[in-house]
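Take a look at the letters that make up each chain.
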Amino acid sequence: MGRLFGTDGVRGVAGEDLTGQLAMDLAVASAAVLRDTGAFAAAEKAGRRPAALVGRDPRASGEFLEAAVIAGLAEMGVNVLRLGVIPTPAVAFLTSELGADLGVMLSASHNPAQDNGIKLFGRGGFKLPDAAEDEIEVMLIGGRKPGPSGPPSGGFGRVRDGSAERERYKDHLLASLPNGPASNGRPPLAGLTVVVDCAHGAASDVAPQVLQRAGAEVIAIGAEPDGSNINQGCGSTHLETLSAVVLKHGADAGIAHDGDADRCLAVGANGEVIDGDQILAVLALALSDQGRLPGNTVVATVMSNLGFRVAMRDVGISVIETAVGDRYVLEAMRAGQYTLGGEQSGHIIMLDHATTGDGLLTALHLLATMVRQGVPLAELAAVMTKYPQVLVNVRGVDKARAASAPELAAAVAAAEQELGTTGRVLVRASGTEPIVRVMVEAADVSQAQQVADRLVAAVRAMA
């Protein structure tokens, strides 16, 4: 077995890479490690069983994987609250809110329906640290059965339905808005017509309901999941669908989520795409103006557009840079006590209100900023000018070799020298997909394309 955990949990083709047996073994190993490392100590000290929450997105494979995970946890004496179909950030929030010891989300996020994944949250609603994941992996790779040889001393865990807890999550989202869900009796999104694309995913019910309760007139698309259509021609990976519907209905804005709704991308009234960098810039500037941005600092990743860094510099906001992955953004935020961070892909973390990226929370605050300032979304996003960026996903190469090959490093160094201070290069292996990403930014798009073409050729030589 190779590295099991990527940057966002365990992910693979359901039934092949991620089987029911692996899901059950992973649940058993997770419970064993958390017990051994003292993560269940609070429950044991209080004289109660450890408690876990389990949620999933609508993929058909989520049904058998959910059953396997629940079986493994219950075998280990862990009580389980089955949340059903629910966004990933809701699992994180409820893990904290309900005082659970473990949260489990079954989702492959923006990946196609044949994939699935398992994300783990510890007590407090934060993703498990790398060290805990490593311990779980060691137990599985070692082939040692982590479970008890018979019934656990305290008895098996019990399983109950927790689908009603979705209402608690909705209330939390609305309460996060300035002055609560309404100001002076007027809902915060009153007057807006919003198209929301739910990617036939976990937010298909929740997102339209929350936007409506916030006062918006809502047109929902991609909100009819059937187990196999998640992310199919819709959602945050297919913004052309959302743009067309926004234009058709003359809506004020469009919001796009991915399969598990931890991402938010947007579309303006004229169909223009607003990416995660622009959303992060809008929220950072709004919080800074209100004196609510600690250290006047925002956290972003190495993939953020150079235009984002320039825009933040021009308004006096510092940028802390991390590796790609919202877990690394969160680590930097917690270490520096910052409250806002995110990724170009639309993972935005608002630490005052959430412990992970939350697409619905981001959408509410973005739209509320638009209403409060009384300007179109595109005008808000104009705070930054995007530098031309060429991004190529190269498949069929040896990711490990690409990470260490001296000839590729030399090609990158030559590209950086050519661009100087007017551009940027990034070549990195994806942590969630079998690809190497090549990204080039430059003031001139043709130069960016030429440099990217040379680097892609160098990466393909690693096959």
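Everything below is about the structure printed above this text.
Residues numbered from 1 in each chain as written. Predicted model: local features only at pLDDT ≥ 70, side-chain atom pairs only at ≥ 80, totals over all residues. Heavy atoms only, no water.

A. Quick look at the nonpolar core. In terms of nonpolar packing, the biggest core is built from 66 residues, with Leu-189, Leu-340 and Leu-367 touching the most fellow members. Take this core: its biggest share by element is 8 residues, from helix α12 (residues 359-373). Sequence-distant contacts of Leu-340, defined by excluding residues within four places in its chain, comprise Leu-280, Leu-283, Ala-284, Leu-287, Leu-293, Thr-297, Val-298, Val-299, Met-333, Ile-348, Ile-349 and Met-350. Of all hydrophobic cores here, the second largest spans 35 residues; its members include Leu-34, Ala-68, Leu-102 and Met-139. (Core = buried A, V, L, I, M, F, W, Y, C linked by side-chain atoms within 4.5 Å. Buried < 20%, exposed > 50% of the residue type's maximum accessible area, 1.4 Å probe, protein only. Helix = DSSP H or I, 4+ residues; strand = E, 2+ residues; numbered from the N terminus. Contact = heavy atoms within 4.5 Å.)

B. The pattern of salt bridges, seen in detail. Scanning all chains against the criterion turns up 25 salt bridges. Residue Arg-11 is joined to Asp-8 by a salt bridge in which the shortest nitrogen-to-oxygen separation is 3.2 Å. The pair formed by Arg-11 and Asp-8 is uniform in burial state, with each residue classed as buried. Close ionic contact of Lys-119 with Asp-8 constitutes a salt bridge, the shortest N to O distance being 3.1 Å. Note that Lys-119 is positioned in strand β6 (residues 115-122) and Asp-8 in the loop between β1 (5-6) and β2 (9-13), a separation of 111 residues in sequence. Among the residues examined, Asp-8 registers a relative accessible area of 8% and is labelled buried. Within the structure, one salt-bridge network assembled from shared partners comprises Asp-8, Arg-11, Lys-119, Lys-127, Asp-260, Asp-262 and Asp-326. (Salt bridge = Lys/Arg side-chain N within 4 Å of Asp/Glu carboxyl O.)

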